[in-house]
Amino acid sequence: MEKSKEYICSNCGAAVTSEICPYCGSVTSVKTIEAYMEYPVIDCKEAALGFWTTVFPLIFAVMFTIAGIAMLTIAISGMAEDGAMPLIILMFIPFFLIGIAATVTVLKNVIRYITLKRKGKHITGMFYGYAGDNVRINGRPAQVAKILVDTPQGKRFIMYQLGSTEKSITVNQEVRLPVYNDIFMIEKNRDKITNW
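This is a predicted model, so every value here is computed, not measured.

*Asks:* I would appreciate a short explanation of the environment of Ser 164 in the present structure.
*Replies:* As for its position among the elements, Ser 164 is in the loop between strand 7 (154-161) and strand 8 (174-180). The sequence separation of Ser 164 and Val 135 amounts to 29 residues, and the corresponding C-alpha distance is 9.5 Å. If we ignore the near neighbours within four places in the chain, the residues touching Ser 164 are Ile 137, Ala 142 and Gln 143. One polar contact links the side chain of Ser 164 to the main-chain amide nitrogen of Glu 166, over a distance of 3.0 Å.

Following this line, the structure appears as structure tokens:
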């Protein structure tokens, strides 16, 4: 997201390089991919549980682990021919490794979510725009939300991977975020908001 060119704010006439005019607060025509990062970007670990972050890897974890264990059981029990046993054991390894990797992904997301729910504080951030993620869902890029938050070190951007292709937040909309260290989650309906 490099600064590409300046735009003119249609509300106040100022030259702008980001999605929200820093002078009048109006939404500009600058796209997130072309916007200049006025503030540093901090690392953001997402804690939301959803289909693509929890259910989908859980399906992989169960299916590949069961398949791997079944292959190993067949090999160990002697049901396979002697010549086929090394091949079955060799096939077991990738299935089991994929199952373990998917299990770790699910556990990591669940632990982040629980940690955030137990220890997180609620803050607000300002939504600046969307950028396409490298991850594709049904052939479409998942979206990354660019959000400006106040931290003890000053204003910072987070690039929050939504794990979805939906664009339900509008530019210049306030979003509510529980935060714990570098773990964040967009939470739309929350009444209590405290400073970081």
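On we go.
*Asks:* Just checking my understanding: could you explain the layout of surface pockets for this structure?
*Replies:* It is the rolling of a water-molecule-sized probe over the atoms that shows where space remains empty. If you add up the space inside the largest pocket, you get close to 780 Å³. Taken together, 29 residues make up the lining of the largest pocket; nearest its centre are Thr 53, Gln 161, Leu 162, Gly 163 and Ser 164. Listed by contribution, the elements that provide at least two residues to the lining of the largest pocket are helix 1 (51-77), helix 2 (85-119), strand 5 (121-137) and strand 7. Per element, the largest residue contribution to the lining of the largest pocket is five residues, and it comes from strand 5. For the lining of the largest pocket, a count of residues per class yields 14 nonpolar, eight polar and seven charged. Along its surface, the second largest pocket is lined by Tyr 39, Thr 124, Gly 125, Met 126, Tyr 128, Leu 148, Val 149, Asp 150, Lys 155 and Glu 174. A per-element tally of the lining of the second largest pocket places strand 5 first, with four residues.

Analysis parameters
Residues numbered from 1 in each chain as written. Predicted model: local features only at pLDDT ≥ 70, side-chain atom pairs only at ≥ 80, totals over all residues. Heavy atoms only, no water. Helix = DSSP H or I, 4+ residues; strand = E, 2+ residues; numbered from the N terminus. Contact = heavy atoms within 4.5 Å. Polar contact = N/O pair within 3.5 Å; in protein donor to acceptor, adjacent residues only side chain to side chain. 1 Å grid on protein atoms, 1.4 Å probe; cavity = no way out; pocket = protein on both sides within 12 Å on 5 of 7 lines; lining within 4 Å. Points joined across faces, edges and corners; volume = space filled by probe spheres on them. Nonpolar A, V, L, I, M, F, W, Y, C, P; charged D, E, K, R; others polar.

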